[in-house]
There are 2 protein chains.
Amino acid sequence: MSLRVSEQYLQGFVTAEEYKQVEESAAKALATVIKGDGAGNDFLGWRYLPDVPDKEEYARIKSAAEKIKGMCDALVVIGIGGSYLGARAAIEYCLGTNYNAFAKKNGAPEIYFVGKDLSASTITETLELLKGKEVCLNVISKSGTTTEPAIAFRIFREWMENKYGEKAAERIFVTTDKARGKLKEFSTEKGYETFVVPDDVGGRFSVLSPVGLLPIACAGIDIDEMISGALDARTAYTAKDSLYENDCLKYAAIRNILYAKGRKVEVLASYEPSLNMTAEWWKQLYGESEGKGKKGIFPASVCFTTDLHSLGQFIQDGTPVLFETVIDLKTPAHKVTVPFDASDCDGLNFIANKDLHDVNRTAFMATAMAHTEGDVPNIVLEIDSRSAYDFGYAVFFFELACAVSGYMLGVNPFDQPGVEGYKKNMFALLGKPGAQFDEIRAKLAEKM
Amino acid sequence: MSLRVSEQYLQGFVTAEEYKQVEESAAKALATVIKGDGAGNDFLGWRYLPDVPDKEEYARIKSAAEKIKGMCDALVVIGIGGSYLGARAAIEYCLGTNYNAFAKKNGAPEIYFVGKDLSASTITETLELLKGKEVCLNVISKSGTTTEPAIAFRIFREWMENKYGEKAAERIFVTTDKARGKLKEFSTEKGYETFVVPDDVGGRFSVLSPVGLLPIACAGIDIDEMISGALDARTAYTAKDSLYENDCLKYAAIRNILYAKGRKVEVLASYEPSLNMTAEWWKQLYGESEGKGKKGIFPASVCFTTDLHSLGQFIQDGTPVLFETVIDLKTPAHKVTVPFDASDCDGLNFIANKDLHDVNRTAFMATAMAHTEGDVPNIVLEIDSRSAYDFGYAVFFFELACAVSGYMLGVNPFDQPGVEGYKKNMFALLGKPGAQFDEIRAKLAEKM
């Protein structure tokens, strides 16, 4: 198992009695996910992604990635939410935050993410950075009509057509609905190669589908390894339905126990900046799955030790509203030794010649002990390494735990009814034609 | 005034009666800050930073910045917490997240931040990125003994000495205590140019001191403008002690009113990725100042519209534990127009030819209306632009409001007693010599 839940820093926070109280509901939630007879069960396709349900398409993803790697210096990925976070999380997890600086060395294109906001600066700066480079596009949108990626696609498609003329079509790859939608139609007309956003997989659960796999493969990451990690995680976490023997259930159970005792905020902490985007992916997964009906744990994240010097004070001694889930990475991607310094001007010679990762892990243990002393429960997730295999493993762990946790909480973990409100308001304010928008517009005008 | 508090999206959340109840305590808190007779009043030096208390040193900062700009391709800034966040916030606010990619064009060196974590990857990747480049160092540490920057200084100093020999000393700039501490001693011995971390300014309030100003000036940002913004903010926000006439008091008052009504989390939202590091700086400022004695509002941040597709669901409809403070940026740094598309394959021609920033601001209004409808109060901070002047203005606004808010909450906003716990544990576990650490070590061993 490349991911384990440690309860070492939960003593006094979660009792045997409390485990017992949720034992049955955890087992039942897992059974519901496996049987597929719960709320939102038309969105359970993520369970089968580790089987690579469409082998022909999977092979096409790999060959498209090779083609893209061969024909461009930069790949522009257009997507938002689940069509953005998973791929970027995987790329930073495996390759680090400086992946673009090392792209050439890795034999892969630089990767730029756009269509993830409405900032004119994002667009302008990215266009500037593309100057003089050979470029490919991967636009990812189920419907093709989501505002942010649609606007970006207009701009970058125009740019590509100005640069490459009709040949632009060979450089544009579209991940969208398999049959419906104007983007699919338009792609067919233009001759773009297309990949499928599965019908039964929600955006936040889609990283192991073509949505995530194409950009991840383009970055030079071994997607076979990643899928293999997810498959092993599924085997491991669906074999037993007792939280005492299944770490995935245990994580879901602990979260629900702590939530019931007033912990309304979960802070996901890691000690590596390369995991920051994984935390962002995790925030969508849990926040969107559980935050409904006035319920749910608010997901926040920190990168230690950096944020011990910013949020450490609050976590240690502020309003006791939170608990921490800490990723303890066992094997670092790099090795650095603390140098000996004859002057010892910082008084640190007592750690000279130590491995920096050991110092980092000591900081983790020291912090866990201090924070638990400050009455903050710490769940620890031990993860072996930053390999593609371990990323895939962690992805499936988090997804399954999220589904289980949502059912335990009594919500449908697969819908997101609350995200439509601002969209409808926005279309109304932007003057979108249609009776529905006229009505909203009238209401908003009254309010203003 | 380049920053204004709008109450447009607070209707129904904060009543006239509630304002009245805190009116006096807000005025009193401001008076305490101005008179300097409250808790932690040996750390009020930040109030005078807009006066540039040491003109000679300020001139030296400017000439050192010019020297650094002339002699290197990359400046490595070593610091953590307040010795890191302010400078990086300013640089990204004014220059964007891609500042290094545009450094040459801006006539400034690239800037790399290290000593802000214990990750071996941060060190290894930065060293790799420096290959073949001319480099200068700015190490920022009051005592010189903080673990993260001290380790980084050992590594990068060694690297500099290997590259430049004795000439390395001309390229190393040290911001530290004015007289005490081994780093000051060591710098004198080596002949490094030094700048002062003032005694009466805490790290999180130090961005307008040499701590922040040297790296900010090196990035090519006009620090005169930044200081001038801060000075104007001080004038504006200390003139009147009524929250009805002073937006700084108003922000502090609203936060405390909402906190008293059960809102334990404040989400700072902006619609520009270039403000993400400003949000990180803000988190330290508020979290460390207020999170003590089991009190305080947990500071979180989001970047919209990106995070509307991740945390939007939770904010709209999850556990009602939070409120939002939204930065409404009036003038963007770049201009982009939504292109017309003959195919209209995304159905967005109704916004063709619109300014993208107007679409972004429409998303803000639509979201504020949707979230308030979902029972989430929205404080809006209108800020004119991403100029250095407006950054300085906002810095002073947030600092003063934080001091006032902390006093209203009944805490000392200038200490951070809770950050020592993990440090002591860490030194003990790392085998630091000394009776104090032997004792802690024994205790921790028992616990484990």
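Shown above is the structure to which this text applies.
## What to know about the pairing of strand E3 (residues 110-114) of chain A
All names here are of chain A.
Alright, step 1. Most of E3 sits out of view: five of its five residues are buried.
Alright, step 2. Of the two faces of E3, the one lined by Glu-110, Tyr-112 and Val-114 and the one lined by Ile-111 and Phe-113 are each fully buried.
Alright, step 3. With five bridges connecting them, strand E2 (residues 74-78) and E3 associate as parallel partners. Bridging across to E3, Leu-75 finds its partner in Ile-111.
Alright, step 4. On the question of chirality, the crossover connecting E2 to the parallel E3 by way of helix H3 (residues 85-95) is right-handed.

## Quick look at the interface of chain B and chain A
It is common to report an interface's size as the accessible area lost on association of the parts.
Alright, step 1. Contacts between the two partners involve 128 residues from chain B and, on the opposite side, 128 residues from chain A.
Alright, step 2. Together, the buried faces of chain B and chain A total about 10,600 Å²; carbon and sulfur atoms form 64% of this surface.
Alright, step 3. Applying the counting rule to chain B against chain A returns eight salt bridges.
Alright, step 4. The salt bridge partner of Lys-105 of chain B is Glu-128 of chain A, with a shortest N-O separation of 3.3 Å.
Alright, step 5. Summed over the shared surface of chain B and chain A, the result is 50 residue pairs in polar contact (both at pLDDT 80 or more).
Alright, step 6. Examining the composition of the side of chain B that touches chain A, we find that twelve residues originate from one element, helix H12 (residues 356-373) of chain B, more than from any other.
Alright, step 7. The class makeup of the residues in the side of chain B that touches chain A is 57 nonpolar, 40 polar and 31 charged.

## Looking at the nonpolar core
Alright, step 1. In this structure, Phe-156 of chain A together with Phe-156 of chain B are the most contacted members of the largest nonpolar core, which totals 141 residues.
Alright, step 2. The contact partners of Phe-156 of chain B, leaving out residues within four places of it in the chain, are Val-76, Ile-78, Val-114, Ile-123, Thr-126, Leu-127, Leu-130 and Leu-137 of chain B.

## A word on helix H4 (residues 120-130) of chain B
Alright, step 1. The buried count for H4 of chain B comes to eight of eleven residues, which makes it a mostly enclosed element.
Alright, step 2. Of the positions making up H4 of chain B, those classed as buried are Ala-120, Ser-121, Thr-122, Ile-123, Glu-125, Thr-126, Leu-129 and Leu-130 of chain B.
Alright, step 3. Looking at the buried side of H4 of chain B, the elements it contacts are H3 and helix H12 (356-373) of chain A together with strand E2 (74-78), strand E3 (110-114), strand E4 (135-140) and helix H5 (147-164) of chain B.
Alright, step 4. A side-chain oxygen of the first residue of H4 of chain B lies 3.1 Å from the backbone nitrogen of Ser-121 of chain B; this N-cap is Ser-119 of chain B.
Alright, step 5. Where H4 of chain B ends, the next residue or the one after it, Gly-132 of chain B, has phi of about 80°, a positive value.

## Thoughts on the relation of the copies chain B and chain A
Alright, step 1. With an RMSD of 0.0 Å, chain B superimposes on chain A once it is rotated by 180° and translated 0.0 Å along the axis. One copy is carried onto the other by what is essentially a two-fold rotation axis. Rotation axis and chain B: the residue whose C-alpha lies nearest the axis is Ala-300 of chain B, separated from it by 3.4 Å.
Alright, step 2. Comparing interface residues between copies, 100% of those in chain B also sit at the interface in chain A, which points to an isologous, same-surface contact.

## Section: the packing of helix H14 (residues 420-429) of chain A against H12 of chain B
Alright, step 1. Axis separation between H14 of chain A and H12 of chain B bottoms out at 8 Å; the angle between their running directions is 135°. Judged by the angle between their axes, H14 of chain A and H12 of chain B are oblique. For the crossing formed where H14 of chain A meets H12 of chain B, the hand is right-handed. Facing H14 of chain A, whose interface residues are Gly-421, Tyr-422, Asn-425, Met-426 and Leu-429 of chain A, H12 of chain B presents Thr-362, Ala-363, Met-365, Ala-366, Thr-367, Met-369 and Ala-370 of chain B.
Alright, step 2. Across the contact of H14 of chain A with H12 of chain B, the residue classes break down as eight nonpolar, four polar and no charged.

About the criteria used
- Residue indices begin from 1 for each chain and proceed along its sequence in written order.
- Throughout, the order in which chains and ligands are written sets their labels, letters from A for the former and numbers from 1 for the latter.
- Whole-chain, interface and lining totals are the exception, using all residues; otherwise, since this is a predicted model, local features are given only for residues with pLDDT of at least 70 and side-chain atom pairs are given and counted only at 80 or more.
- Remark: hydrogens and water are excluded; side-chain values derive from all non-hydrogen atoms of the structure.
- Each residue gets one of three labels from its accessible area relative to the maximum for its type: buried under 20%, exposed over 50%, partly exposed in between, using a 1.4 Å probe on protein chains only.
- Comment: elements are numbered from the N terminus, with helices defined as DSSP H or I runs of at least four residues and strands as E runs of at least two.
- In short, DSSP must find at least two bridges between two strands for them to pair.
- If you view a crossover with the strands going away from you and the path from the first strand over the helix to the second runs clockwise, you call it right-handed.
- We call two residues in contact whenever any of their non-hydrogen atoms come within 4.5 Å of each other.
- The quantity reported as buried area is the accessible area (1.4 Å probe) lost by two parts once they are put together, taken as the sum for both.
- By definition, a salt bridge exists where a carboxyl oxygen of Asp or Glu is found within 4 Å of a side-chain nitrogen of Lys or Arg.
- We define a polar contact as two N or O atoms separated by no more than 3.5 Å, with the added condition that, inside protein, one atom must be a possible hydrogen donor and the other a possible acceptor, whereas residues neighbouring each other in sequence contribute only through side-chain atom pairs.
- The residue classification treats Ala, Val, Leu, Ile, Met, Phe, Trp, Tyr, Cys and Pro as nonpolar and Asp, Glu, Lys and Arg as charged. All others, Gly included, are polar.
- Buried Ala, Val, Leu, Ile, Met, Phe, Trp, Tyr and Cys residues that are joined via side-chain atoms within 4.5 Å together make up what is termed a nonpolar core.
- Only residues with pLDDT of at least 70 in both copies contribute their C-alpha atoms to the least-squares superposition of the copies.
- Only the stretch in contact is used when a helix axis is fitted, and all axes are lines through C-alpha atoms; the angle between N-to-C directions ranges over 0 to 180 degrees.
- Here the angle decides the label: under 35 degrees means roughly parallel, over 145 means roughly antiparallel, 65 to 115 means roughly perpendicular, and every other value means oblique.
- Note on convention: the crossing is left-handed when the near helix lies turned anticlockwise from the far helix by less than a right angle, right-handed when the turn is clockwise.

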